[in-house]
Amino acid sequence: MAVNPIYHQTKSTLLQERDWIMEAKKDPERFGPLYTKYHEQIFRYVYQRMDDQEQAFDVTSQVFIKALSNLHKYEYRGVPFSSWLYRIAKSELYQNFRDRKAKRTVNVDTVHLADITEEFDDDNLVADKNRLIRCLAELREADLQLIELRYFEKRAYREIGEILDVTENNAKVKTFRALERLKKQFLK
Amino acid sequence: MRKLNTTLDREPMTSQEIRDRQDFNYILKETAVAKVPIWKSIWFYGPVGIAMVTMVVSAVRINPQNEQFEDKTTLSQFNTTNTEDYPANTIVVEKSEELTETKSDSNKENETAIASTEQTVDPSNTVTPNVKADPQQVDPAFLANEKSNEQPEVMPEPPIERVVKIASAKTMPSIAGVFNGRVAIGSICSTGKIDCNNGYEIISFDIQYDNGIESTVDRVSGSQIPSTICRKLRRFNVGSPVFITRIVAMNQKGERKQLLSMQIEPTF
(Lines give C-alpha, C1' and ligand atoms only; values in the text may rest on other atoms or scores of the structure.)
Protein backbone atom coordinates (compact mmCIF):
# COMPACT_ATOMS: atom_id res chain seq x y z
CA MET A 1 0.00 0.00 0.00
CA ALA A 2 1.34 3.43 -0.93
CA VAL A 3 1.69 5.89 1.90
CA ASN A 4 1.83 9.66 2.07
CA PRO A 5 5.36 10.42 0.86
CA ILE A 6 5.36 13.98 2.23
CA TYR A 7 5.06 12.75 5.78
CA HIS A 8 8.40 10.95 5.89
CA GLN A 9 11.06 13.42 6.84
CA THR A 10 14.71 13.07 7.71
CA LYS A 11 16.10 14.42 10.94
CA SER A 12 17.71 17.29 9.09
CA THR A 13 14.43 18.36 7.52
CA LEU A 14 12.75 18.23 10.94
CA LEU A 15 15.49 20.42 12.40
CA GLN A 16 15.18 22.81 9.49
CA GLU A 17 11.46 22.95 10.19
CA ARG A 18 12.17 23.75 13.82
CA ASP A 19 14.39 26.64 12.74
CA TRP A 20 11.63 27.98 10.51
CA ILE A 21 9.24 27.84 13.44
CA MET A 22 11.68 29.65 15.72
CA GLU A 23 12.13 32.37 13.14
CA ALA A 24 8.41 32.60 12.45
CA LYS A 25 7.76 33.10 16.17
CA LYS A 26 9.89 36.23 15.96
CA ASP A 27 8.75 37.37 12.55
CA PRO A 28 5.44 36.03 11.11
CA GLU A 29 6.66 36.66 7.58
CA ARG A 30 9.15 33.82 8.07
CA PHE A 31 6.20 31.44 8.29
CA GLY A 32 6.14 31.40 4.46
CA PRO A 33 8.20 28.20 3.93
CA LEU A 34 5.98 26.25 6.35
CA TYR A 35 2.88 27.50 4.60
CA THR A 36 4.22 26.53 1.17
CA LYS A 37 5.29 23.13 2.42
CA TYR A 38 2.05 22.13 4.15
CA HIS A 39 -0.68 24.00 2.32
CA GLU A 40 -1.41 21.17 -0.11
CA GLN A 41 -1.41 18.45 2.58
CA ILE A 42 -3.78 20.36 4.78
CA PHE A 43 -6.02 21.29 1.88
CA ARG A 44 -6.29 17.65 0.78
CA TYR A 45 -7.09 16.58 4.36
CA VAL A 46 -9.84 19.19 4.57
CA TYR A 47 -11.19 18.63 1.06
CA GLN A 48 -11.41 14.88 1.70
CA ARG A 49 -14.04 15.65 4.34
CA MET A 50 -15.92 18.38 2.52
CA ASP A 51 -17.88 18.50 -0.69
CA ASP A 52 -17.35 22.16 -1.51
CA GLN A 53 -13.95 23.12 -2.91
CA GLU A 54 -14.18 26.83 -2.04
CA GLN A 55 -15.19 26.01 1.50
CA ALA A 56 -12.21 23.69 1.72
CA PHE A 57 -9.85 26.48 0.63
CA ASP A 58 -11.43 28.81 3.20
CA VAL A 59 -11.04 26.29 5.98
CA THR A 60 -7.43 25.66 4.95
CA SER A 61 -6.72 29.39 5.16
CA GLN A 62 -8.33 29.49 8.60
CA VAL A 63 -6.09 26.64 9.72
CA PHE A 64 -2.95 28.60 8.79
CA ILE A 65 -4.29 31.82 10.31
CA LYS A 66 -4.96 29.97 13.56
CA ALA A 67 -1.56 28.31 13.41
CA LEU A 68 0.24 31.60 12.88
CA SER A 69 -1.76 33.35 15.59
CA ASN A 70 -0.98 30.61 18.10
CA LEU A 71 2.53 29.83 16.99
CA HIS A 72 3.94 31.18 20.27
CA LYS A 73 2.20 28.26 22.02
CA TYR A 74 3.74 25.62 19.76
CA GLU A 75 6.46 23.44 21.26
CA TYR A 76 8.72 21.35 19.08
CA ARG A 77 8.53 17.67 20.09
CA GLY A 78 10.51 16.01 17.34
CA VAL A 79 7.50 15.33 15.10
CA PRO A 80 6.58 17.14 11.88
CA PHE A 81 4.84 20.48 12.20
CA SER A 82 2.01 18.98 10.13
CA SER A 83 0.77 16.97 13.16
CA TRP A 84 -0.13 20.21 14.88
CA LEU A 85 -1.66 21.60 11.70
CA TYR A 86 -3.84 18.49 11.29
CA ARG A 87 -5.23 18.91 14.77
CA ILE A 88 -6.09 22.54 14.05
CA ALA A 89 -7.59 21.45 10.72
CA LYS A 90 -9.80 18.87 12.41
CA SER A 91 -11.04 21.46 14.88
CA GLU A 92 -11.69 24.04 12.15
CA LEU A 93 -13.49 21.46 10.01
CA TYR A 94 -15.96 20.55 12.71
CA GLN A 95 -16.40 24.22 13.54
CA ASN A 96 -17.24 24.85 9.89
CA PHE A 97 -19.78 22.00 9.88
CA ARG A 98 -21.43 23.44 12.97
CA ASP A 99 -21.47 26.98 11.57
CA ARG A 100 -23.01 25.92 8.26
CA LYS A 101 -25.10 23.15 9.80
CA ALA A 102 -23.61 21.03 7.08
CA LYS A 103 -23.13 17.27 6.94
CA ARG A 104 -19.72 15.74 7.04
CA THR A 105 -18.66 14.27 3.70
CA VAL A 106 -16.83 11.03 2.95
CA ASN A 107 -15.12 11.02 -0.40
CA VAL A 108 -14.80 7.43 -1.49
CA ASP A 109 -12.65 6.14 -4.30
CA THR A 110 -13.98 2.81 -5.51
CA VAL A 111 -10.42 1.58 -6.01
CA HIS A 112 -9.81 2.07 -2.31
CA LEU A 113 -12.98 0.20 -1.44
CA ALA A 114 -11.39 -2.84 -2.98
CA ASP A 115 -8.42 -2.40 -0.64
CA ILE A 116 -10.79 -2.59 2.31
CA THR A 117 -12.54 -5.74 1.16
CA GLU A 118 -9.12 -7.32 0.60
CA GLU A 119 -8.42 -6.76 4.26
CA PHE A 120 -11.54 -8.74 5.20
CA ASP A 121 -9.64 -11.96 4.33
CA ASP A 122 -12.71 -13.75 3.10
CA ASP A 123 -12.51 -15.21 -0.37
CA ASN A 124 -16.22 -15.98 -0.44
CA LEU A 125 -17.08 -12.37 0.20
CA VAL A 126 -18.57 -10.70 -2.84
CA ALA A 127 -17.69 -7.02 -2.76
CA ASP A 128 -20.86 -5.01 -2.81
CA LYS A 129 -19.77 -1.40 -3.24
CA ASN A 130 -23.05 0.24 -2.28
CA ARG A 131 -23.47 -1.91 0.78
CA LEU A 132 -19.94 -1.15 1.94
CA ILE A 133 -20.60 2.58 1.58
CA ARG A 134 -23.77 2.20 3.66
CA CYS A 135 -21.80 0.32 6.30
CA LEU A 136 -19.15 3.06 6.33
CA ALA A 137 -21.87 5.61 7.01
CA GLU A 138 -23.03 3.56 9.98
CA LEU A 139 -19.61 3.42 11.57
CA ARG A 140 -18.79 5.55 14.58
CA GLU A 141 -16.97 8.82 13.77
CA ALA A 142 -13.71 7.62 15.35
CA ASP A 143 -13.76 4.36 13.35
CA LEU A 144 -14.68 6.13 10.12
CA GLN A 145 -11.81 8.57 10.63
CA LEU A 146 -9.32 5.71 11.06
CA ILE A 147 -10.55 3.93 7.92
CA GLU A 148 -10.47 7.19 6.03
CA LEU A 149 -6.94 8.08 7.12
CA ARG A 150 -5.58 4.64 6.43
CA TYR A 151 -7.41 3.39 3.33
CA PHE A 152 -8.62 6.52 1.52
CA GLU A 153 -5.71 8.85 2.32
CA LYS A 154 -3.06 6.15 2.48
CA ARG A 155 -1.33 7.44 5.59
CA ALA A 156 1.28 5.61 7.64
CA TYR A 157 0.21 4.37 11.07
CA ARG A 158 2.82 6.61 12.60
CA GLU A 159 1.28 9.66 10.94
CA ILE A 160 -2.23 8.52 11.93
CA GLY A 161 -0.98 8.24 15.51
CA GLU A 162 0.42 11.75 15.41
CA ILE A 163 -2.73 13.23 13.91
CA LEU A 164 -4.94 11.50 16.47
CA ASP A 165 -2.44 12.02 19.30
CA VAL A 166 -1.97 8.29 19.99
CA THR A 167 1.02 5.99 19.58
CA GLU A 168 1.79 4.24 16.29
CA ASN A 169 0.86 0.84 17.77
CA ASN A 170 -2.32 2.17 19.22
CA ALA A 171 -3.24 3.63 15.84
CA LYS A 172 -2.61 0.25 14.25
CA VAL A 173 -4.74 -1.61 16.81
CA LYS A 174 -7.55 0.92 16.60
CA THR A 175 -7.56 0.77 12.81
CA PHE A 176 -7.71 -3.03 12.91
CA ARG A 177 -10.65 -2.93 15.33
CA ALA A 178 -12.43 -0.36 13.19
CA LEU A 179 -11.99 -2.63 10.20
CA GLU A 180 -13.37 -5.57 12.20
CA ARG A 181 -16.45 -3.59 13.09
CA LEU A 182 -16.91 -2.61 9.45
CA LYS A 183 -16.63 -6.25 8.44
CA LYS A 184 -19.14 -7.28 11.08
CA GLN A 185 -21.51 -4.63 9.86
CA PHE A 186 -20.94 -5.70 6.25
CA LEU A 187 -21.66 -9.39 6.98
CA LYS A 188 -24.74 -8.69 9.03
CA MET B 1 -27.97 6.25 10.28
CA ARG B 2 -25.62 9.19 10.85
CA LYS B 3 -25.84 12.36 8.82
CA LEU B 4 -23.16 11.80 6.25
CA ASN B 5 -22.66 12.78 2.64
CA THR B 6 -20.89 10.27 0.48
CA THR B 7 -19.17 11.28 -2.73
CA LEU B 8 -17.96 8.58 -5.07
CA ASP B 9 -14.92 8.93 -7.31
CA ARG B 10 -14.66 12.70 -7.15
CA GLU B 11 -12.41 14.33 -9.71
CA PRO B 12 -9.04 14.73 -7.99
CA MET B 13 -7.37 18.12 -7.87
CA THR B 14 -3.85 18.44 -9.17
CA SER B 15 -1.06 19.83 -7.01
CA GLN B 16 -0.69 22.73 -9.43
CA GLU B 17 -4.33 23.73 -8.94
CA ILE B 18 -3.88 23.75 -5.18
CA ARG B 19 -0.58 25.62 -5.41
CA ASP B 20 -2.21 28.31 -7.52
CA ARG B 21 -4.61 29.05 -4.70
CA GLN B 22 -1.86 29.64 -2.15
CA ASP B 23 -1.92 33.19 -0.79
CA PHE B 24 0.46 33.76 2.08
CA ASN B 25 -0.11 37.53 2.11
CA TYR B 26 -3.77 36.92 2.89
CA ILE B 27 -2.75 34.72 5.83
CA LEU B 28 -0.41 37.43 7.16
CA LYS B 29 -3.03 40.11 6.77
CA GLU B 30 -5.75 38.08 8.46
CA THR B 31 -3.42 37.09 11.30
CA ALA B 32 -2.66 40.75 12.00
CA VAL B 33 -6.40 41.50 12.06
CA ALA B 34 -7.18 38.47 14.20
CA LYS B 35 -4.62 39.40 16.86
CA VAL B 36 -6.09 39.92 20.30
CA PRO B 37 -6.56 43.62 21.03
CA ILE B 38 -4.46 44.97 23.85
CA TRP B 39 -7.45 45.48 26.12
CA LYS B 40 -8.30 41.79 25.85
CA SER B 41 -4.84 40.58 26.74
CA ILE B 42 -4.02 39.43 30.23
CA TRP B 43 -1.11 41.89 30.37
CA PHE B 44 -3.54 44.73 30.07
CA TYR B 45 -5.46 43.78 33.20
CA GLY B 46 -2.47 43.71 35.53
CA PRO B 47 -1.34 47.35 35.48
CA VAL B 48 -4.69 48.76 34.46
CA GLY B 49 -6.49 46.73 37.12
CA ILE B 50 -4.12 47.91 39.82
CA ALA B 51 -4.48 51.51 38.64
CA MET B 52 -8.28 51.23 38.71
CA VAL B 53 -8.32 49.74 42.21
CA THR B 54 -5.96 52.47 43.41
CA MET B 55 -8.18 55.16 41.91
CA VAL B 56 -11.34 53.71 43.42
CA VAL B 57 -9.74 53.35 46.85
CA SER B 58 -8.40 56.91 46.65
CA ALA B 59 -11.76 58.26 45.57
CA VAL B 60 -13.53 56.46 48.41
CA ARG B 61 -11.05 57.71 50.97
CA ILE B 62 -11.05 61.29 49.72
CA ASN B 63 -14.81 61.58 49.31
CA PRO B 64 -16.06 63.81 52.17
CA GLN B 65 -19.40 61.99 52.23
CA ASN B 66 -17.58 58.98 53.56
CA GLU B 67 -16.43 60.98 56.55
CA GLN B 68 -20.08 61.48 57.40
CA PHE B 69 -20.57 57.81 56.96
CA GLU B 70 -17.77 57.12 59.40
CA ASP B 71 -19.42 59.47 61.82
CA LYS B 72 -22.66 57.55 61.49
CA THR B 73 -20.81 54.37 62.14
CA THR B 74 -19.42 55.71 65.35
CA LEU B 75 -22.83 57.12 66.12
CA SER B 76 -24.31 53.69 65.96
CA GLN B 77 -21.61 52.52 68.32
CA PHE B 78 -22.55 55.36 70.57
CA ASN B 79 -26.24 54.59 70.54
CA THR B 80 -25.65 50.98 71.35
CA THR B 81 -23.34 51.81 74.21
CA ASN B 82 -25.31 51.49 77.34
CA THR B 83 -24.83 53.74 80.26
CA GLU B 84 -22.84 52.07 82.93
CA ASP B 85 -24.12 51.41 86.38
CA TYR B 86 -22.69 53.78 88.91
CA PRO B 87 -22.34 53.06 92.58
CA ALA B 88 -24.30 55.28 94.89
CA ASN B 89 -22.70 58.36 96.36
CA THR B 90 -20.10 58.61 93.70
CA ILE B 91 -19.19 61.11 91.09
CA VAL B 92 -18.43 59.59 87.80
CA VAL B 93 -15.66 61.07 85.78
CA GLU B 94 -15.02 59.80 82.34
CA LYS B 95 -12.04 60.48 80.23
CA SER B 96 -11.96 59.84 76.53
CA GLU B 97 -8.98 57.93 75.31
CA GLU B 98 -9.69 58.10 71.68
CA LEU B 99 -10.17 61.00 69.44
CA THR B 100 -13.78 61.94 69.35
CA GLU B 101 -15.30 62.16 65.96
CA THR B 102 -18.07 64.60 65.45
CA LYS B 103 -20.44 65.60 62.78
CA SER B 104 -21.05 69.31 62.78
CA ASP B 105 -24.22 69.70 60.84
CA SER B 106 -26.17 72.48 62.44
CA ASN B 107 -29.47 71.21 61.06
CA LYS B 108 -29.09 67.84 62.57
CA GLU B 109 -28.58 66.51 65.95
CA ASN B 110 -24.97 66.45 66.87
CA GLU B 111 -23.60 63.17 67.85
CA THR B 112 -20.48 62.23 69.62
CA ALA B 113 -18.79 58.95 69.68
CA ILE B 114 -16.55 58.16 72.50
CA ALA B 115 -14.70 55.27 73.81
CA SER B 116 -14.23 55.89 77.40
CA THR B 117 -13.22 54.27 80.55
CA GLU B 118 -14.55 55.22 83.89
CA GLN B 119 -13.07 56.14 87.10
CA THR B 120 -14.94 56.27 90.37
CA VAL B 121 -13.77 58.81 92.86
CA ASP B 122 -14.79 59.84 96.28
CA PRO B 123 -17.99 61.92 96.40
CA SER B 124 -16.15 64.66 98.19
CA ASN B 125 -14.11 65.21 95.09
CA THR B 126 -15.20 67.55 92.41
CA VAL B 127 -15.77 66.63 88.81
CA THR B 128 -12.32 66.32 87.39
CA PRO B 129 -12.06 66.30 83.66
CA ASN B 130 -8.86 65.40 81.87
CA VAL B 131 -7.96 62.83 84.47
CA LYS B 132 -6.64 59.68 82.98
CA ALA B 133 -8.99 56.78 83.23
CA ASP B 134 -6.63 54.58 85.11
CA PRO B 135 -6.34 55.89 88.65
CA GLN B 136 -2.79 54.67 88.77
CA GLN B 137 -1.95 56.97 85.90
CA VAL B 138 -3.45 60.07 87.50
CA ASP B 139 -0.94 62.72 88.31
CA PRO B 140 -1.41 63.45 92.07
CA ALA B 141 -0.23 67.03 91.60
CA PHE B 142 -2.87 67.58 89.01
CA LEU B 143 -5.55 66.11 91.24
CA ALA B 144 -4.47 68.29 94.12
CA ASN B 145 -4.64 71.31 91.89
CA GLU B 146 -8.06 70.43 90.74
CA LYS B 147 -9.27 69.77 94.27
CA SER B 148 -8.67 73.40 95.02
CA ASN B 149 -11.33 74.29 92.47
CA GLU B 150 -14.09 72.87 94.56
CA GLN B 151 -17.46 72.40 92.98
CA PRO B 152 -20.81 71.77 94.61
CA GLU B 153 -21.33 68.14 95.15
CA VAL B 154 -23.16 66.40 92.45
CA MET B 155 -26.21 64.50 93.53
CA PRO B 156 -25.57 60.84 94.03
CA GLU B 157 -26.87 59.00 91.08
CA PRO B 158 -28.39 55.57 91.11
CA PRO B 159 -27.44 53.18 88.35
CA ILE B 160 -29.03 54.01 85.04
CA GLU B 161 -31.06 51.33 83.38
CA ARG B 162 -29.16 49.55 80.66
CA VAL B 163 -31.91 50.05 78.12
CA VAL B 164 -32.34 53.77 77.67
CA LYS B 165 -35.27 55.09 75.74
CA ILE B 166 -34.60 57.73 73.13
CA ALA B 167 -36.35 60.92 74.14
CA SER B 168 -39.30 62.06 72.16
CA ALA B 169 -38.97 65.28 70.27
CA LYS B 170 -41.06 67.03 72.89
CA THR B 171 -38.59 66.48 75.67
CA MET B 172 -35.70 68.77 74.77
CA PRO B 173 -32.63 69.82 76.72
CA SER B 174 -31.45 73.43 76.54
CA ILE B 175 -28.98 75.86 78.02
CA ALA B 176 -30.29 79.36 78.54
CA GLY B 177 -33.16 78.41 76.27
CA VAL B 178 -30.88 77.28 73.44
CA PHE B 179 -30.87 73.73 72.19
CA ASN B 180 -28.66 74.14 69.17
CA GLY B 181 -26.63 77.23 68.34
CA ARG B 182 -24.79 80.14 69.86
CA VAL B 183 -25.01 80.78 73.58
CA ALA B 184 -23.26 83.57 75.44
CA ILE B 185 -20.51 82.11 77.58
CA GLY B 186 -21.76 84.22 80.42
CA SER B 187 -25.14 82.52 80.28
CA ILE B 188 -23.51 79.12 80.26
CA CYS B 189 -21.32 79.82 83.21
CA SER B 190 -23.75 81.87 85.28
CA THR B 191 -26.47 79.26 85.33
CA GLY B 192 -24.32 76.40 84.03
CA LYS B 193 -27.37 74.27 84.02
CA ILE B 194 -28.94 72.17 81.33
CA ASP B 195 -32.68 72.55 81.57
CA CYS B 196 -35.31 70.21 80.35
CA ASN B 197 -39.03 70.50 79.72
CA ASN B 198 -41.88 68.07 80.34
CA GLY B 199 -40.98 67.70 83.98
CA TYR B 200 -37.70 65.96 83.36
CA GLU B 201 -34.45 66.74 85.14
CA ILE B 202 -31.06 66.09 83.61
CA ILE B 203 -29.16 63.56 85.69
CA SER B 204 -26.05 63.03 83.58
CA PHE B 205 -24.47 64.01 80.29
CA ASP B 206 -21.28 63.92 78.29
CA ILE B 207 -19.61 67.14 77.28
CA GLN B 208 -17.03 67.33 74.55
CA TYR B 209 -14.84 70.38 74.40
CA ASP B 210 -11.33 71.54 73.74
CA ASN B 211 -9.24 71.56 76.91
CA GLY B 212 -6.43 73.52 75.31
CA ILE B 213 -4.46 70.44 74.39
CA GLU B 214 -6.91 68.20 72.66
CA SER B 215 -10.58 67.49 72.25
CA THR B 216 -11.82 65.73 75.34
CA VAL B 217 -15.05 64.20 76.61
CA ASP B 218 -16.08 64.25 80.24
CA ARG B 219 -19.03 62.52 81.81
CA VAL B 220 -20.85 64.74 84.26
CA SER B 221 -23.45 63.68 86.79
CA GLY B 222 -26.27 66.13 87.38
CA SER B 223 -27.43 68.97 85.18
CA GLN B 224 -24.74 71.47 86.12
CA ILE B 225 -21.73 72.18 83.94
CA PRO B 226 -18.85 72.21 86.42
CA SER B 227 -16.95 75.46 86.81
CA THR B 228 -13.68 73.78 85.83
CA ILE B 229 -15.19 72.92 82.50
CA CYS B 230 -16.76 76.34 82.29
CA ARG B 231 -13.37 77.96 82.62
CA LYS B 232 -12.01 75.87 79.80
CA LEU B 233 -15.01 76.65 77.68
CA ARG B 234 -14.41 80.34 78.22
CA ARG B 235 -10.71 80.03 77.49
CA PHE B 236 -10.52 77.59 74.64
CA ASN B 237 -13.97 77.05 73.14
CA VAL B 238 -15.42 80.43 72.33
CA GLY B 239 -16.44 80.31 68.68
CA SER B 240 -15.99 76.57 68.41
CA PRO B 241 -18.68 73.92 68.84
CA VAL B 242 -19.21 72.11 72.12
CA PHE B 243 -21.15 68.91 72.05
CA ILE B 244 -23.35 67.69 74.86
CA THR B 245 -24.34 64.11 74.31
CA ARG B 246 -25.70 61.06 76.12
CA ILE B 247 -28.00 63.35 78.04
CA VAL B 248 -30.01 61.24 80.46
CA ALA B 249 -33.05 62.78 82.12
CA MET B 250 -35.45 61.51 84.77
CA ASN B 251 -38.93 62.66 85.73
CA GLN B 252 -40.61 62.60 89.10
CA LYS B 253 -41.90 59.10 88.52
CA GLY B 254 -38.37 57.90 88.14
CA GLU B 255 -38.69 57.27 84.38
CA ARG B 256 -35.49 57.83 82.50
CA LYS B 257 -34.91 58.98 78.96
CA GLN B 258 -31.93 59.65 76.80
CA LEU B 259 -32.45 63.03 75.16
CA LEU B 260 -31.25 64.41 71.87
CA SER B 261 -27.68 65.61 71.78
CA MET B 262 -26.93 69.31 71.77
CA GLN B 263 -24.43 71.42 69.94
CA ILE B 264 -23.75 74.83 71.33
CA GLU B 265 -21.26 77.47 70.34
CA PRO B 266 -20.12 79.64 73.23
CA THR B 267 -19.79 83.32 72.31
CA PHE B 268 -18.82 86.43 74.23
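Residues numbered from 1 in each chain as written. Chains lettered and ligands numbered in written order. Predicted model: local features only at pLDDT ≥ 70, side-chain atom pairs only at ≥ 80, totals over all residues. Heavy atoms only, no water.

## Describing the nonpolar core
Move 1: Phe31(A), Phe81(A) and Ile116(A) are the most contacted members of the largest nonpolar core, which has 61 residues in total.
Move 2: Formed jointly, this core draws a minimum of three residues from each of two domains, domain 1 (9-100) and domain 2 (110-187) of chain A.
Move 3: Setting aside chain neighbours within four positions, we find Phe81(A) in contact with Glu17(A), Ile21(A), Phe31(A), Leu34(A), Tyr38(A), Leu71(A) and Tyr74(A).
Move 4: Core analysis: the second largest hydrophobic core is formed by 25 residues, Val178(B), Ile185(B), Tyr200(B) and Met262(B) among them. (Core = buried A, V, L, I, M, F, W, Y, C linked by side-chain atoms within 4.5 Å. Buried < 20%, exposed > 50% of the residue type's maximum accessible area, 1.4 Å probe, protein only. Domains from an automatic or database assignment. Contact = heavy atoms within 4.5 Å.)

## Side note on the packing of aromatic side chains
Residue and element names in this part refer to chain A.
Move 1: Summed over all chains, the structure comprises 13 aromatic pairs over all chains.
Move 2: Here the aromatic rings of Tyr 35 and Phe 64 are separated by 4.8 Å at their centres, their planes lie at 80°, and the arrangement is edge-to-face. One end of the pair, Tyr 35, is in helix 2 (residues 32-48); the other, Phe 64, is in helix 3 (residues 53-69), with 29 residues separating them in the sequence.
Move 3: Under the relative-accessibility criterion, Tyr 35 is labelled buried at 3%. (Phe/Tyr/Trp six-rings, centres within 6.5 Å; stacked < 30°, edge-to-face > 60°. Helix = DSSP H or I, 4+ residues; strand = E, 2+ residues; numbered from the N terminus.)

## Quick word on the side chain of Glu17(A)
Residues and elements named next belong to chain A.
Move 1: The residue Glu 17 is located in helix 1 (residues 11-26) in this model.
Move 2: A residue is classified by how much of its surface remains accessible, and Glu 17, at 1% relative accessible area, is buried.
Move 3: With sequence-adjacent residues up to four places away left out, Glu 17 is seen in contact with Gln 9, Leu 34, Lys 37, Tyr 38, Val 79, Pro 80 and Phe 81.

## Some details on the packing of helix 2 of chain A against helix 4 (residues 81-100) of chain A
All names here are of chain A.
Move 1: At a minimum axis separation of 10 Å, helix 2 and helix 4 run at an interaxial angle of 45°. Comparing their axes, helix 4 and helix 2 come out oblique. For helix 2 against helix 4, the interelement crossing comes out right-handed. Within the contact between the two elements, helix 2 uses Leu 34, Tyr 38, Gln 41, Ile 42, Tyr 45 and Val 46 and helix 4 uses Phe 81, Ser 82, Leu 85, Tyr 86, Ala 89, Lys 90 and Leu 93.
Move 2: Split by residue class, the contact of helix 2 with helix 4 holds 10 nonpolar, two polar and one charged. (Axes fitted to C-alpha atoms, helices over the stretch in contact; angles between N-to-C directions. Parallel < 35°, antiparallel > 145°, perpendicular 65-115°, else oblique. Left-handed = near helix turned anticlockwise from the far one by under 90°. Nonpolar A, V, L, I, M, F, W, Y, C, P; charged D, E, K, R; others polar.)

## Overview of the confidence of the model for chain B
Residue and element names in this part refer to chain B.
Move 1: When pLDDT is averaged across chain B, the result is 69; 56% of the residues are at 70 or more.
Move 2: Averaged pLDDT values for the elements of chain B fall to 40 in strand 4 (residues 112-113) and rise to 90 in helix 1 (residues 15-20).
Move 3: Taken as a whole, residues 69-136 scores under 50 in pLDDT and shows 163 contacts with residues more than four places along the chain or in a different chain.
Move 4: Every residue in residues 160-168 is under pLDDT 50, and counting partners more than four places away or in other chains gives 22 contacts.
Move 5: Note on the complex model: pTM 0.49, ipTM 0.81. (pLDDT = per-residue confidence, 0-100.)

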